Structure formats: C-alpha cells, structure tokens
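# Geometric and topological summary
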Amino acid sequence: MSTILGIGECMVELSPRNEGQLDKSFAGDVFNTLWYARAALGSEWNVAFHSGFGNDAMSIKMKEFIENAGISCASSPIISDRVPGLYMIHLDGAERSFSYWRDTSAARKLMQDAETLWAKVRESDLVFLSGITLAILSDTDCERLLNGLRDNTRPNAKLAFDPNIRPRLWNDMDRMRTVISKAASISNIVMPSFEDEQVWFGDATPEDTAKRYQALGATQIIVKNGEDATLVLHDGEFSLHPVTPVSGVVDTTAAGDSFNGGYFAELLQTDDVAQAIKSAQSCAGTCVCFNGALVPFERLTS
Ligand code: AMP
C-alpha cells in the first residue's frame, strides 16, 4: 500500500454559532491538507498523520475524529501531561480573527518518539510538513526533525514543504527565515503563498519566490497567489496556471491547505504537475465556498 504522511498539529476549533453558543471541530494546516488528500485518494492509499496527543477526553475525541476520517494517527506519541491546542474564531461582520491557546499543546512534543516517526517516514511515498510544524517545536527538536527527514526519506519518495509563514509563532524572524530555508533545501516540493513570502522574504514577484527556493535545491515549486494565477517552476521550467473564478466565496480559511491536499492526491496518482494544479485549484475553489477549514467529504466531488 502507498502512504502519504503529514507531520504537524491538529487543534480544537471553536467557532461562533448563535449568540453565546460555540461549535466545536478540529483543524490544523497539515491535518487539513491530509483531509483533502484523503477525500481524493482511493482506498489503496494510506493517509497517515504524525503529531503528539494527550490522553485526556478531548485528545481521545480528536484522535477518533481523525481516524473516522480515514487518516491513521495511532502511532503518534501520547504526551500524558499535555492537552490539545485550541483556537477560537471571532466574527465581526464578514471579518474573521483568531485567538490561539497552543503554547503547551501535546503536538509540540511530537518528536518524543522519533524512532517510530523515522520508521513511518521510511515507508512513505510522500512526506509533508509546514513552517507551522517547525515553529511549534523546540530549537533542538526542529533540528532533529529536519535532519531525520533528510536521512530517512526514501530516495524515490517526495518530501513536500509549505512554509506557511506565521510570524506570531516564531520568537526571532531571522531564525524563522533560516529554518524555513533549511526545510526547503531538503525538500523536493515547496508550496509557498506569495502574499507571505513577499512580506517576510522581500520577494518582488512570484518568480522571485520560485527562484529563491530553486536556488536552495527544490525541483518543484508551486507559488500560490490567492485568486491570481498559480506559478509553477518545475525542473527549471516556468508555467503560469490561471485560477478559474468561483462565485459564492465565503471563507478563505484553509484555501492553501486544500490546494496542497488536492495537489498531492493528483500528483501521486498521475505524476502530472499541470493536472495536479487543476485538481488543487478546483479543491481550493470548493473550500473557499464553505465556512471553516474542512469541507465534508460528501461535498468534495473530486
Ligand atoms: P492562497 O493561499 O490565498 O494563495 O490560496 C491558495 C489557493 O486557493 C489559490 O492558489 C487558489 O487556487 C485558491 N483561492 C484562494 N482564494 C480564492 C478565491 N477568492 N477564488 C478562487 N480560488 C481561490
């Protein structure tokens, strides 16, 4: 069986429903990506998530939610003195803002049983992580994770990285740039969002972003750019892929994550980059028409 493995944090999500009432769900960038990949991949694919979980009631519910989606997380370490991270969505008209409680989440200890993680990495066809995964780890664990991925990813497997720049999660912006660049340098596929790269790396154009990651060693760079065309730099060749406008956009949360999930699913099945971009844009186009990070599987047609 073929395997896609994501490494990161899933959080409890609280969102406003009626006055004084909250809905509870679970979300987090790498997990969201796996959700969309799972929806598009057949049963011959094993979709796996490596994180850290507590053994409190909420952690157990979170693991059930993940497993019920067909994403295996059973071999992640249990951190018995920790609980899940949590975030709350605030709505002010159509404007959304977020509060986070994740400083001491169990996921920050996901490197606790590194040998089990390396065994999973060695059996995976694609391994995915993000800048958020790296930001929540201690400096030592971050280094161990990157070195371990470099040493354990199979030569014919793909290592994919989304910088997903969240300055609030990093204490030091220079270190953030250094770590993101190191992760990109060991990855085959890098999937940045131009809006973030422009601010934090000073890129003038999506081409600059792509060339910067190419110079670090990546061979497949996919620069997402909201409603604007997606830029691809693959094996030294640039191509531009316009986004088909969608009507009824309500919430762009997880647009980039759903794009990544749709991309991986198609790429792993066909190895066709142009076709994978089409699937990614279509998946993200569906995502932005729904509230919240996760579109129910039955509403995802491809
Ligand atoms: P972003 O992370 O904002 O660059 O968005 C990721 C992907 O989501 C883009 O590459 C598009 O495919 C899709 N997307 C984002 N915003 C929109 C939008 N308003 N309409 C259609 N697709 C969108």
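For the structure itself, consult the block above.
Here's what I pulled together on the structure shown here.

Cut-offs applied
Residues numbered from 1 in each chain as written. Predicted model: local features only at pLDDT ≥ 70, side-chain atom pairs only at ≥ 80, totals over all residues. Heavy atoms only, no water. Helix = DSSP H or I, 4+ residues; strand = E, 2+ residues; numbered from the N terminus. Contact = heavy atoms within 4.5 Å. Polar contact = N/O pair within 3.5 Å; in protein donor to acceptor, adjacent residues only side chain to side chain. Pairing = 2+ DSSP bridges. Near = heavy atom within 4 Å. Areas by Shrake-Rupley, 256 points an atom, 1.4 Å probe, with all protein chains shown as cover. Buried < 20%, exposed > 50% of the residue type's maximum accessible area, 1.4 Å probe, protein only. Phe/Tyr/Trp six-rings, centres within 6.5 Å; stacked < 30°, edge-to-face > 60°. Lys NZ or Arg CZ within 6 Å of the ring centre and 35° of its normal. Expected span 1.5 Å × (residues − 1). Arc of directions from axis to C-beta.

## Thoughts on the environment of Ser187
Along the chain, the position of Ser187 falls in the loop between α6 (173-185) and β10 (189-190). C-alpha separation for the pair Ser187 and Thr219, spaced 32 residues apart in sequence, amounts to 8.4 Å. The contact partners of Ser187, leaving out residues within four places of it in the chain, are Leu159, Phe161, Gly217 and Ala218. Side-chain polar atoms of Ser187 contact the backbone oxygen of Ala183, separated by 2.7 Å.

## Describing the sheet that holds strand β12 (residues 230-234)
The 9 strands are arranged β5-β4-β1-β8-β9-β10-β11-β12-β13 in an open sheet whose pairing can be described as mixed. Whereas interior strands pair on both sides, the edge strands pair on one side only; in this sheet they are β5 (71-72) and β13 (237-241). Sheet topology places β12 next to β13; 5 bridges connect them, and they run antiparallel. Within β13, the residue paired with Val232 across the bridge is Ser239.

## Focus on the site of the ligand
Looking at the ligand, there are 14 residues lining it, with Ser193, Asn225, Gly226, Glu227 and Ala284 nearest. Taking Asn225, its main chain carries an N or O atom lying 3.4 Å from an oxygen atom of the ligand. Between Gly226 and the ligand, the recorded distance is 2.7 Å, taken from a backbone N or O atom to an oxygen atom. Its free accessible area being 480 Å², the ligand has 87% of it covered by the protein chains. Those elements that provide at least two residues to the shell around the ligand are α9 (255-270) and α10 (273-287). Per-element accounting of the shell around the ligand gives the leading share, 3 residues, to α9.

## Quick word on the environment of Tyr263
By the secondary structure assignment, Tyr263 is in helix α9. Accessibility expressed as a relative area gives 0% for Tyr263, which makes it buried. Residues Tyr263 and Ala276, spaced 13 residues apart in sequence, show a C-alpha to C-alpha distance of 4.8 Å.

## Remarks on the environment of Gly226
In this structure, Gly226 sits in the loop between β11 (220-223) and β12. Overall, Gly226 belongs to the exposed group, its relative accessible area being 65%. Between the C-alpha atoms of Gly226 and Ala160, which are 66 residues apart in sequence, the distance is 20 Å.

## Points about the pairing of strand β4 (residues 45-50)
Among the 6 residues that make up β4, 5 are buried, leaving the element largely enclosed by the rest of the structure. Across 6 bridges, strand β1 (residues 2-7) lies against β4 in parallel orientation. Across the sheet, residue Ile4 finds its bridge partner in β4, namely Val47.

## Overview of the packing of aromatic side chains
Under the defined criterion, the tally for this structure stands at 13 aromatic pairs. For the ring pair Phe31 and Phe65, a centre distance of 6.2 Å and an interplane angle of 55° mean the geometry is tilted. Linking Phe31 in helix α1 (residues 29-40) with Phe65 in helix α2 (residues 57-68), this pair joins segments that are 34 residues apart in sequence. Overall, the relative accessible area of 25% leaves Phe65 in the partly exposed class. Counting every residue linked through ring pairs, the aromatic cluster contains Phe26, Phe31, Trp35, Phe49, Phe53, Phe65 and Phe297. Here the basic side chain of Arg212 rests over the ring of Phe201, its NZ or CZ set 3.9 Å away from the ring centre.

## Regarding helix α5 (residues 139-152)
With 14 residues, α5 ought to run about 20 Å at 1.5 Å a step, and its terminal C-alpha atoms sit 20 Å apart, in line with that. Those residues of α5 that sit buried are Asp141, Cys142, Leu145, Leu146, Gly148, Leu149 and Asn152. All buried residues of α5 project into a common sector of 165° when viewed along the axis, lining one side. Pointing more than 90 degrees away from the buried face of α5 are the exposed residues Thr140 and Asp151. Each element contacted by the buried residues of α5 is listed here: β1, α3 (114-122), β8 (126-130), α4 (131-135), β9 (158-162) and α6.

## Considerations on the pairing of β11
Of the two faces of β11, the one holding Gln220 and Ile222 and the one holding Ile221 and Val223 are both buried throughout. In this structure, β10 lies alongside β11, joined through 2 bridges in parallel fashion. Each bridged residue has a counterpart across the sheet, and for Ile189 the counterpart in β11 is Gln220. Hairpin connection from β11 to β12: 6 residues lie between these consecutive antiparallel strands, with Gly226 at a positive phi of about 55°.

That's the geometry; what it means functionally is another story.
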